[in-house]
Amino acid sequence: MKATLDALGAEIENALDGCRSDEDLERVRIAYLGRKGRLTEVMRGVGALAPEERPAVGELANALKRRVDECITALRERWKAERRQHELERERLDVTLPGRVWPYGHVHPLTAALDEAVAIFVSLGFSVYEGPHIEDEYHNFEALNIPSDHPARDMHDTFFVDHTHILRTHTSPVQIRVMENQEPPIAAIAPGAVFRHDDDVTHSPMFHQVEGFLVDRAVTFGDLKGVLSLFVQRMFGDDTRLRFRPSFFPFTEPSAEIDISCVICGGARAVNGGTCRVCKATGWLEILGAGMIHPAVFRAVGYDPEVVTGFAFGVGIERVAMLKYGITDIRLLFQNDLRFLRQF
Ligand code: DAH
């Protein structure tokens, strides 16, 4: 009997060695320890032994059963722990890894130029106003001393909305709207979109201007020059020079167009041995229209031109952005091609 138990013990050990899964273990357990299992049967046979043999053999059989039970439990637990360990390794989170980076957008070069221009004038004490995109002819033209038969209307390439409303062709009507509603002194700017049907490498049917004007007693052309000098030097650099050329606008008298020294060649008219193409070898770039506000404009808003004087100016922001960032085709500013925009 003892020999049978020893042989059975070795067989079970073998069978357990061959186990690879919980299912294998369960099969082995049933085969030896189940109701009809081999060890169970042997244990049942103990009762048939001679009484003096029984305790020793019973003891041996019980010990074997306990060993097998323990072994099965130990294997189960070991495998369970191994599986858990494996899972933990697989799910390990490295909290020191950098987070996922979301692609942020950034300010459009045109918006950047507009914001910068506005910030410069605000720092000089100008307040910011906006006017409607759909304007009436009175504010866009008449009140600005451009009567309906005036040839200056031709230059404006106006989009008509109906008989009396248009898309504003410039930001100058905001001058009228501000002055209609308040008394001098006024220092105001009006940034925003304007519209003209014109479309090529340097013109877009929608573009942006910053209008500016200052009205008080005894405002002079020198004040205009001072403000604009500061503006272009902050915008394009301290070395930038200005040139005032006599010009004509119906709403200013006298009127001037203002050039800055070329941002590419610095006025030298040549770069890298060739003629400068940005200023077309003139050394100057036209950038602003300006002048002293016309008495007819003051009369239109109910101011006395004998008492107040003022200056006004208008600057095209697309042109500023193109010069500042070296962009040669205005349409790039509106196509929203990310390959272009990401360069800024
Ligand atoms: N409104 C003009 C334009 O769009 C620009 C301009 C010129 C504005 C002279 C002014 C000014 O205020 O004084 O062409």
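Since the structure is predicted, the reported quantities are computational estimates derived from the model, not experimental observations.

Remarks on the site of the ligand
Near the ligand you find 15 residues, and of these His 170, Ser 172, Arg 196, Gln 209 and Glu 211 are the closest. Within the side chain of Ser 172, one N or O atom sits 3.0 Å away from a nitrogen atom of the ligand. Within the complex, the protein chains bury 91% of what would otherwise be the 360 Å² of accessible surface of the ligand. Listed by contribution, the elements that provide at least two residues to the shell around the ligand are strand S5 (206–216), strand S10 (284–293) and strand S11 (309–316).

Some remarks on helix H2 (residues 22–33)
For H2, spanning 12 residues, the distance from its first C-alpha to its last is 15 Å, which sits close to the expected 16 Å at 1.5 Å a residue. Restricting attention to buried positions, one finds in H2 the residues Asp 24, Leu 25, Val 28, Tyr 32 and Leu 33. Summarising the axial view, the buried residues of H2 lie within an arc of 125°, below the 170-degree limit, and thus occupy one face. The outward face of H2, more than 90 degrees from its buried face, is lined by the exposed residues Glu 23 and Arg 27. Of the surrounding elements, those touching the buried residues of H2 are helix H1 (2–17), helix H3 (38–45) and helix H4 (54–90).

Some words on unusual backbone geometry
Cis rather than trans, the peptide bond between Pro 184 and Pro 185 has omega equal to 5°. Position of Pro 185 relative to the elements: it lies in the loop between helix H8 (173–181) and strand S4 (186–195). In this structure, Pro 254 follows Glu 253 across a cis peptide bond, with omega equal to -5°. Relative to the helices and strands, Pro 254 resides in strand S7 (residues 252–261). Unlike most non-glycine residues, Ala 218 shows phi in positive territory, near 60°. Assignment of secondary structure puts Ala 218 in the loop between S5 and helix H9 (221–236). Residue Ala 218 is classed as exposed on the basis of its relative accessible area, which comes to 64%.

Looking at the pairing of S4
Extensive coverage of S4 is indicated by the burial of nine of its 10 residues. By the bridge criterion, two bridges tie strand S1 (residues 127–128) to S4 in an arrangement that is parallel. For Ser 127, the partnering residue across the bridge sits in S4 and is Ala 188. As paired elements, S4 and S5 share 10 bridges and run antiparallel to each other. Each residue of the ladder has a partner; that of Ile 189, found in S5, is Gly 212.

Considering the sheet that holds strand S6 (residues 242–249)
Within a sheet, each strand pairs with its neighbour through backbone hydrogen bonds, oriented either parallel or antiparallel. If you trace the seven strands from one edge of the open sheet to the other, you get S1-S4-S5-S11-S10-S7-S6, paired in mixed fashion. The outermost strands of the open sheet, each flanked by one partner alone, are S1 and S6. Where S10 and S11 come together, five bridges link them in antiparallel fashion. Residue pairing across strands places Ala 290 opposite Phe 313, the latter belonging to S11.

Structural notes on the pattern of salt bridges
Throughout the structure, instances matching the rule amount to 18 salt bridges. Note that Asp 69 and Lys 65 form a salt bridge whose closest N and O atoms lie 3.2 Å from each other. Here Lys 65 and Asp 69 lie together in helix H4, a separation of four residues that amounts to about one turn. Between Asp 259 and Arg 243 there is a salt bridge; the shortest N-O distance is 2.9 Å. Of this pair, Asp 259 sits in strand S7 while Arg 243 is found in strand S6, placing the two residues 16 residues apart along the sequence. Overall, Arg 243 belongs to the partly exposed group, its relative accessible area being 31%. Each member of the salt-bridge network shares a partner with another, and the members are Arg 243, Arg 245, Glu 257, Asp 259 and Glu 286.

Quick look at the domain arrangement of the protein
On domain assignment, one finds that the protein holds domain 1 (2–90) and domain 2 (109–341). Using C-alpha coordinates to define each centre, domain 1 is positioned 97 Å away from domain 2.

Digging into the environment of Asp 199
Counting through the fold element by element, Asp 199 comes out in the loop between S4 and S5. Overall, the relative accessible area of 56% leaves Asp 199 in the exposed class. Sequence separation between Asp 199 and Gly 302 is 103 residues, and the spatial gap between their C-alpha atoms is 38 Å. If sequence neighbours within four positions are ignored, Asp 199 has contacts with Ser 204 and Pro 205.

Details of the pairing of S10
Counting buried positions over the 10 residues of S10 gives nine, a clear majority of the element. Summarising the sheet, S7 and S10 pair through eight bridges and their orientation is antiparallel. Residue pairing in the sheet places Ile 260 in a bridge with Leu 285 of S10.

About the cut-offs
- Residues numbered from 1 in each chain as written.
- Predicted model: local features only at pLDDT ≥ 70, side-chain atom pairs only at ≥ 80, totals over all residues.
- Heavy atoms only, no water.
- Near = heavy atom within 4 Å.
- Polar contact = N/O pair within 3.5 Å; in protein donor to acceptor, adjacent residues only side chain to side chain.
- Areas by Shrake-Rupley, 256 points an atom, 1.4 Å probe, with all protein chains shown as cover.
- Helix = DSSP H or I, 4+ residues; strand = E, 2+ residues; numbered from the N terminus.
- Expected span 1.5 Å × (residues − 1).
- Buried < 20%, exposed > 50% of the residue type's maximum accessible area, 1.4 Å probe, protein only.
- Arc of directions from axis to C-beta.
- Contact = heavy atoms within 4.5 Å.
- Pairing = 2+ DSSP bridges.
- Salt bridge = Lys/Arg side-chain N within 4 Å of Asp/Glu carboxyl O.
- Domains from an automatic or database assignment.

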